[in-house]
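As a plain string of letters, each chain reads:
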Amino acid sequence: MKNEVAQLKTEIEDTLKNNILPYWINNMVDAENGGFYGRITGEEIIRREAPKGSVLNTRILWTYSAAYRIVKEEAYLKIAKRAKDYLIDYFYDDEHGGVYWLLDYKGNPIETKKQIYALGFAIYGLSEYYRATNDKEALEYAVKLFKTIEKQSFDKESNGYLEAFTQDWQLIEDMRLSDKDANEQKTMNTHLHILEPYTNLYRVWKNESLKKQLKNLINLFLDKIIDQQTHHLKLFFDTEWNSKSDMVSYGHDIEAAWLLHEAAMVLEDSEMLEKVSTVVPHIVQAAAKGLQSDGSMIYETDTQTGHTDTERHWWVQSEAVIGFLNHYQYYHDEESLKRALDCWSFIKKNLIDWENGEWYWSVFEDGSVNIEEDKAGVWKCPYHNSRMCMEIIERF
């Protein structure tokens, strides 16, 4: 198996450096209006006047900061700094705190709501930029955003984090992250993507309040979010943590399996790591129910109706590879290594655009490539696939 892991790492490094990272540098830099273009269609058409999303900008920031930290390529630092500066100068709300959800192509706020998910990714990107450069401004803003989330979003009565607010932190009627989501006050997705940046921030800022809230987040997953019977993640909740959904998201299952493990390790808390380590194999096996015979992982299943969405999304496959590899690395599970390698084979054959660069949004059940959805956009970013690559480079 060592030879297979070595081959995987070689292929992964080549994919990162020659397929993913150059695509965004060559196609997405908005030299006229600053920052990055908001969208490239699935047919490779750059939409120069598309709105610019905070999630896209912060994920570019994280990706190129991490790439610079690991590879030390100056071109990556240049992109990371561009994303960091644009985040602070345009997305950050100096009056009320937090970051705007959406700007127009010239950098003017057009959706000023405060989606906690977006603030989480801003912390993720800024803390990674600090890891790579020791830039004090990046850390300062990451800490400010952490304090804003704790002040405005943390539910002191029922625990957890409320989903979204108006620009000035009032209650908002539509809390949804996207049109696909249920309009509920608490979600697994946002909690997962607060766990992730809090873990990264704790790497560089050993603050007791942050440590306390990171431990609390892990316990929320163990006690409230993970279904005790099925070990899938429950997706939507009211303020009292009553489950409001029957959907299973296989990609989020496998992503949570390794992010929870990572968080417990970064905390260096042996008791917490033991608790998490006991649960992780069960989450991995629950996620594995989404695997198909071709090595891919399908999107989601409605457990009430039995309807299954069999589309193979780029991000789900990325998380499957690293999630199963994490299970192989720390639990010595050979089957998990095979699953990771099989999924990588599927990615190579079906999802990577070897001609133009980057990956397609998804592959349909019949094997056709989805070019109806974006190649780059509000949700299609270089984060899941590049992170998969960099995790493998660092781990092995």
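Residues numbered from 1 in each chain as written. Predicted model: local features only at pLDDT ≥ 70, side-chain atom pairs only at ≥ 80, totals over all residues. Heavy atoms only, no water.

Participant: Got a minute to help me understand helix α9 (residues 270-287) in this structure?
Facilitator: The α-helix advances 3.6 residues per turn, and as a result positions three or four apart in sequence lie on the same side. With 18 residues, α9 extends 25 Å from end C-alpha to end C-alpha; this agrees with the ideal 26 Å at 1.5 Å per step. At Val 279, α9 shows its maximal kink, close to 30 degrees; a proline, Pro 281, follows between one and four residues later. Every buried residue of α9 is listed here: Met 272, Val 276, Val 279, Val 280, Ile 283, Val 284, Ala 286 and Ala 287. The N-capping residue of α9, defined by a side-chain oxygen 3.1 Å from the backbone nitrogen of Glu 271, is Asp 269. (Helix = DSSP H or I, 4+ residues; strand = E, 2+ residues; numbered from the N terminus. Expected span 1.5 Å × (residues − 1). Bend = angle between axes of the 7 residues up to and from the residue. Buried < 20%, exposed > 50% of the residue type's maximum accessible area, 1.4 Å probe, protein only. Polar contact = N/O pair within 3.5 Å; in protein donor to acceptor, adjacent residues only side chain to side chain.)

Participant: What am I meant to see in the sheet that holds strand β14 (residues 362-363) here?
Facilitator: Backbone-to-backbone hydrogen bonds pair the strands of a sheet. The strands run either parallel or antiparallel. Taken together, 3 strands build an open sheet; the order of strands is β13-β14-β15 and the sheet is antiparallel. Each having just a single partner strand, β13 (312-313) and β15 (369-370) make up the two edges of the open sheet. Bridge count between β14 and β15: 2 bridges; the pairing is antiparallel. Residue pairing for β15: Val 363 is matched across the bridge by Val 369. (Pairing = 2+ DSSP bridges.)

Participant: I'm lost on the pattern of salt bridges in this one. Help?
Facilitator: When the charged atoms of two side chains lie near each other, side chains of opposite charge can form a pair. Taken as a whole and assessed by the stated rule, the structure comprises 25 salt bridges. The residue Lys 84 makes a salt bridge to Glu 137 at a minimum N-O spacing of 2.6 Å. Taken together, the residues Lys 84 in helix α3 (residues 74-91) and Glu 137 in helix α5 (residues 136-152) connect sequence positions 53 residues apart. Arg 339 is paired through a salt bridge with Glu 335; the nearest N and O atoms lie 3.6 Å apart. Here Glu 335 and Arg 339 lie together in helix α11 (residues 334-350), a separation of 4 residues that amounts to about one turn. (Salt bridge = Lys/Arg side-chain N within 4 Å of Asp/Glu carboxyl O.)

Participant: Would you explain empty space enclosed by the protein in this entry?
Facilitator: Picture a little ball the size of a water molecule; that probe, rolled over the atoms, points out where space is still empty. Enumeration according to the criterion identifies 1 cavity of 30 Å³ or more in this entry. Estimated volume of the largest cavity: approximately 40 Å³. What lines the largest cavity is simply Phe 36, Tyr 37, Gly 38, Lys 52, Gly 53, Leu 56, Asn 57, Tyr 86 and Phe 91. The class makeup of the residues in the lining of the largest cavity is 5 nonpolar, 3 polar and 1 charged. (1 Å grid on protein atoms, 1.4 Å probe; cavity = no way out; pocket = protein on both sides within 12 Å on 5 of 7 lines; lining within 4 Å. Points joined across faces, edges and corners; volume = space filled by probe spheres on them. Nonpolar A, V, L, I, M, F, W, Y, C, P; charged D, E, K, R; others polar.)

Participant: Please clarify how the layout of surface pockets should be interpreted in this entry.
Facilitator: The volume enclosed by the largest pocket comes to roughly 1100 Å³. Of the residues forming the lining of the largest pocket, the biggest block, 4 residues, is contributed by helix α6 (residues 188-204). Partitioned by chemical class, the residues of the lining of the largest pocket number 18 nonpolar, 11 polar and 18 charged. Estimates place the volume of the second largest pocket at around 240 Å³. Along the wall of the second largest pocket there are 17 residues; nearest its centre are Arg 131, Arg 203, Glu 262, Glu 391 and Glu 394. For the lining of the second largest pocket, the elements supplying multiple residues, two or more each, are α2 (54-71), α4 (116-133), α6, α8 (250-267) and α12 (384-395).

Participant: Is there a simple way to explain the nonpolar core in this structure?
Facilitator: Within soluble globular proteins, side chains that are nonpolar generally end up buried alongside one another. Ranked by internal contacts, the top residues of the largest apolar core, which has 137 residues, are Tyr 198, Ile 218 and Met 388. With 12 residues, the single largest contributor to this core is α4. In this structure Met 388 touches Ile 12, Ser 318, Val 321, Ile 322, Trp 344, Ile 347 and Trp 359, once residues within four positions along its chain are discounted. (Core = buried A, V, L, I, M, F, W, Y, C linked by side-chain atoms within 4.5 Å. Contact = heavy atoms within 4.5 Å.)

Participant: Explain the packing of aromatic side chains to me, please; I cannot follow it from the model alone.
Facilitator: Centre-to-centre distance and the angle between the planes together describe a pair of aromatic rings. In total, this model carries 21 aromatic pairs according to the counting rule given. Seen in terms of ring centroids, Phe 146 and Trp 205 are 5.7 Å apart; in terms of plane orientation they differ by 70 degrees. Their pairing is edge-to-face. Here Trp 205 lies in the loop between α6 and α7 (208-225) and Phe 146 lies in helix α5, a separation of 59 residues in the sequence. Judged by its relative accessible area of 19%, Trp 205 falls in the buried class. (Phe/Tyr/Trp six-rings, centres within 6.5 Å; stacked < 30°, edge-to-face > 60°.)

Participant: In this structure, what is going on with the environment of Leu 56? I would like to understand it.
Facilitator: Within the secondary structure, Leu 56 is located in helix α2. Between the C-alpha atoms of Leu 56 and Pro 281, which are 225 residues apart in sequence, the distance is 32 Å.

Participant: Got a minute to help me understand unusual backbone geometry in this structure?
Facilitator: Most peptide bonds take the trans form, and the phi angle of most residues other than glycine is negative. The backbone phi angle of Lys 72 is positive, close to 65 degrees, even though this residue is not glycine. Topologically, Lys 72 is positioned in the loop between α2 and α3. Here the phi dihedral of Trp 241 falls at roughly 70 degrees; this positive angle occurs in a residue that is not glycine. Inspection of the secondary structure puts Trp 241 in the loop between β9 (236-237) and β10 (247-249).

Participant: Could you clarify how one ought to interpret the sheet that holds strand β3 (residues 52-53) in this entry?
Facilitator: Pairing in this open sheet of 3 strands is antiparallel, and the strands run β3-β4-β5 from one edge to the other. Here the strands that pair on one side only, and so sit at the sheet edges, are β3 and β5 (109-111). Relative to β5, strand β4 (residues 102-103) runs antiparallel, the two being bridged by 2 bridges. Looking at the pairing, Leu 102 lines up with Glu 111 of β5.

Participant: Quick question: what am I supposed to make of α12 here?
Facilitator: Compared with an ideal rise of 1.5 Å per residue, which puts 12 residues at 16 Å, α12 spans 16 Å between its outermost C-alpha atoms and is within 8% of the ideal. Counting buried residues along α12, 11 of its 12 residues qualify, which places the element largely inside the surrounding structure. Residues His 384, Asn 385, Ser 386, Arg 387, Met 388, Cys 389, Met 390, Glu 391, Ile 392, Ile 393 and Arg 395 constitute the buried set of α12.

Geometry only, nothing functional implied.
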